[in-house]
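# A look at the structure
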Amino acid sequence: MGLPKTLTIAGSDASGGAGLEADLKAFQEHDTYGMAAVSVIATMDPDNNWAHGVYTLPIDVLKAQLKTAFSTKIDAVKTGMLSTEEVIETAGKAIADAQVKNVVIDPVMVCKGEDEVLNPGNVTAMVRYLLPNALITTPNLFEAGQLAQVKTPKSIEEMKLAAEKITQLGAKNVVIKGGRGIADDAALDLFFDGTTHYLLKTAKVDTTYNHGAGCTFAASITANLARGLSVKEAVFEAKEFVAAGIEHGWKLNEFVGPVHHGAKSRFGAPEVTIEAL
Ligand code: PXL
């Protein structure tokens, strides 16, 4: 008896909360068999206020990993931090060649707390090489604005407009992570399936211990798709999973607090509501 096979093409977060470390933890929690193709290694310097270093691996090293993983007939693939246009093109072409149906594009452009976009040309490359094959993409507010070429959404109406533009670029479904960035009592995400908009809500949690939330959310969607859930079901469960992770986020050190990737199965999840708009 095998397991559904999930692959992340992403960066390593040496601190363990985000990146492929988050993805593999979420894949495991969802009873799937996680694999990783590492594109870049992100480091954080404790002697310099946790400043990030970004080390892109040679492209041949990425290609060799993709060859390994895709030879096993992957059930669902996710992309995360892809640091250069060449990396994005390589990942996009490998996904297209492998003809995987369940493709989750997390269009990582910056790390939380870092305000420098990795590389402006990456947005164009994501639109060209990743979005056309995306079953779903999972931008945050900033990334949604960048992909849709609009101002960073600040309201539900602006999120809806950005989501519609992003589906016009080829992504079949979009979920924009509003998180705490939209003025409301709830933590809001907007899910658009190309026809209908849905609002997903959980109670806002007053914490800064949410490092890795975005990666964990997209990875949970990926695992759910690999297990045969519909896109809408996959997104709903992922919201529960990450809300539990944020509720039980914890302090790793003076600089960072990751989500608890295993919180849902251990402590249960807070209530999530979904409403068609
Ligand atoms: O959360 C975005 C992210 C994605 N991938 C890697 C990261 C981070 C943020 O730290 O390090 C590898």
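In this report, we go over the structure that sits alongside the text. In this text the structure is predicted, and so the values were computed from the model without any measurement.

Let us look at the overall build of the protein. Scanning the protein from N- to C-terminus turns up 9 helices and 10 strands. Compactness check: the protein gives a C-alpha radius of gyration of 17 Å against a globular reference of 19 Å for 277 residues, within 12% of the reference. Each principal axis of the C-alpha atoms in the protein carries an extent, and together these give about 45 × 45 × 45 Å. With 277 residues in all, the protein has 53% of them scored as buried. Put simply, 68% of the contacts in the protein that link residues at least 6 apart link residues at least 24 apart. Between the averaged position of the 25 positive side-chain charges in the protein and that of its 33 negative side-chain charges there is a distance of 5 Å.

Between helix α2 (residues 59–70) and helix α3 (residues 85–98), the least distance of the axes is 11 Å, while the angle of their chain directions is 20 degrees. On the basis of the axis angle, α2 is roughly parallel to α3. Between α2 and α3 lies a crossing whose hand is right-handed. Across the interface between the two elements, Ile-59, Leu-62, Lys-63, Leu-66 and Phe-70 of α2 pack against Glu-86, Val-87, Thr-90, Ala-91, Ala-94, Ile-95 and Ala-98 of α3.

This part covers the side chain of Asp-13. The residue Asp-13 is located in strand β1 (residues 5–13) in this model. Despite its burial, Asp-13 pairs with no opposite charge; the closest candidate is Lys-25, at 7.9 Å N-O. Reaching out from Asp-13, the side chain makes a polar contact with the side chain of Ser-15 at a distance of 2.8 Å. Reaching out from Asp-13, the side chain makes a polar contact with the backbone nitrogen of Gly-17 at a distance of 3.3 Å. In this structure Asp-13 touches Ala-18, Gly-19, Glu-21, Ala-42, Met-44 and His-211, once residues within four positions along its chain are discounted.

Looking now at the pairing of strand β9 (residues 197–203). When you tally the buried positions in β9, you get 5 out of 7 residues, the bulk of the element. Two elements, strand β8 (residues 186–192) and β9, share 7 bridges in a ladder whose sense is antiparallel. Considered in β9, the bridge of Ala-186 is made with Ala-203. Between β8 and the antiparallel strand that follows it, β9, lie 4 residues; Gly-194 among them carries a positive phi value of about 95 degrees. Where β9 lies against strand β10 (residues 273–276), 4 bridges are found, and the strand directions are antiparallel. When the sheet's bridge partners are listed, Lys-201 is paired in β10 with Thr-273.

A few words now on the sheet that holds strand β5 (residues 102–105). Pairing in this open sheet of 10 strands is mixed, and the strands run β3-β2-β1-β4-β5-β6-β7-β8-β9-β10 from one edge to the other. Each edge of the open sheet is held by one strand with a lone partner, namely β3 (51–56) and β10. Relative to strand β2 (residues 33–45), α2 is tilted by about 155 degrees, and along the sheet it contacts β1, β2 and β4 (76–79).

Along helix α5 (residues 141–148), 6 of the 8 residues are buried, which leaves the element largely enclosed by surrounding structure. Among the residues making up α5, those that are buried are Leu-141, Glu-143, Ala-144, Gly-145, Leu-147 and Ala-148. Check the buried side of α5 and you find it contacts α4 (121–129), α6 (156–168) and β7 (173–179). Put simply, Asn-140 is the residue that caps the front of α5, since its side-chain oxygen is 3.2 Å from the backbone nitrogen of Phe-142.

Glancing now at α4. Listed in full, the buried residues belonging to α4 are Gly-121, Asn-122, Val-123, Ala-125, Met-126 and Tyr-129. Buried-residue contacts for α4 involve α3 and α5.

So, on to the pairing of β5. Residues Asn-102 and Val-104 of β5 are buried on one face, and the alternating residues Val-103 and Ile-105, pointing to the opposite face, are buried as well. Assessed by its sense of winding, the connection that carries the chain from β4 through α3 to β5 is right-handed. Sheet analysis places β5 next to strand β6 (residues 136–137), joined by 2 bridges and oriented parallel. The residue of β6 that forms the bridge with Val-104 is Ile-136.

Next up on the list: the pattern of salt bridges. Counted by the stated rule, this structure contains 8 salt bridges. We note a salt bridge from Arg-266 to Glu-29, for which the minimum N-O separation is 3.2 Å. Of the two residues, Arg-266 is situated in helix α9 (residues 263–267) and Glu-29 in helix α1 (residues 19–29); the sequence distance between them amounts to 237 residues. The residue Lys-93 makes a salt bridge to Glu-89 at a minimum N-O spacing of 2.7 Å. Taken as a pair, Lys-93 and Glu-89 lie in helix α3 at a separation of 4 residues, close to a single helical turn. A relative accessible area of 42% places Lys-93 in the partly exposed class.

Definitions and limits used
Residues numbered from 1 in each chain as written. Predicted model: local features only at pLDDT ≥ 70, side-chain atom pairs only at ≥ 80, totals over all residues. Heavy atoms only, no water. Helix = DSSP H or I, 4+ residues; strand = E, 2+ residues; numbered from the N terminus. Rg over C-alpha atoms; globule rule 2.2 N^0.38 Å. Buried < 20%, exposed > 50% of the residue type's maximum accessible area, 1.4 Å probe, protein only. Contact = heavy atoms within 4.5 Å. Lys, Arg positive; Asp, Glu negative; His and termini not counted. Charge placed at Lys NZ, Arg CZ, Asp CG, Glu CD. Axes fitted to C-alpha atoms, helices over the stretch in contact; angles between N-to-C directions. Parallel < 35°, antiparallel > 145°, perpendicular 65-115°, else oblique. Left-handed = near helix turned anticlockwise from the far one by under 90°. Salt bridge = Lys/Arg side-chain N within 4 Å of Asp/Glu carboxyl O. Polar contact = N/O pair within 3.5 Å; in protein donor to acceptor, adjacent residues only side chain to side chain. Pairing = 2+ DSSP bridges. Right-handed = clockwise from strand over helix to strand, strands pointing away.

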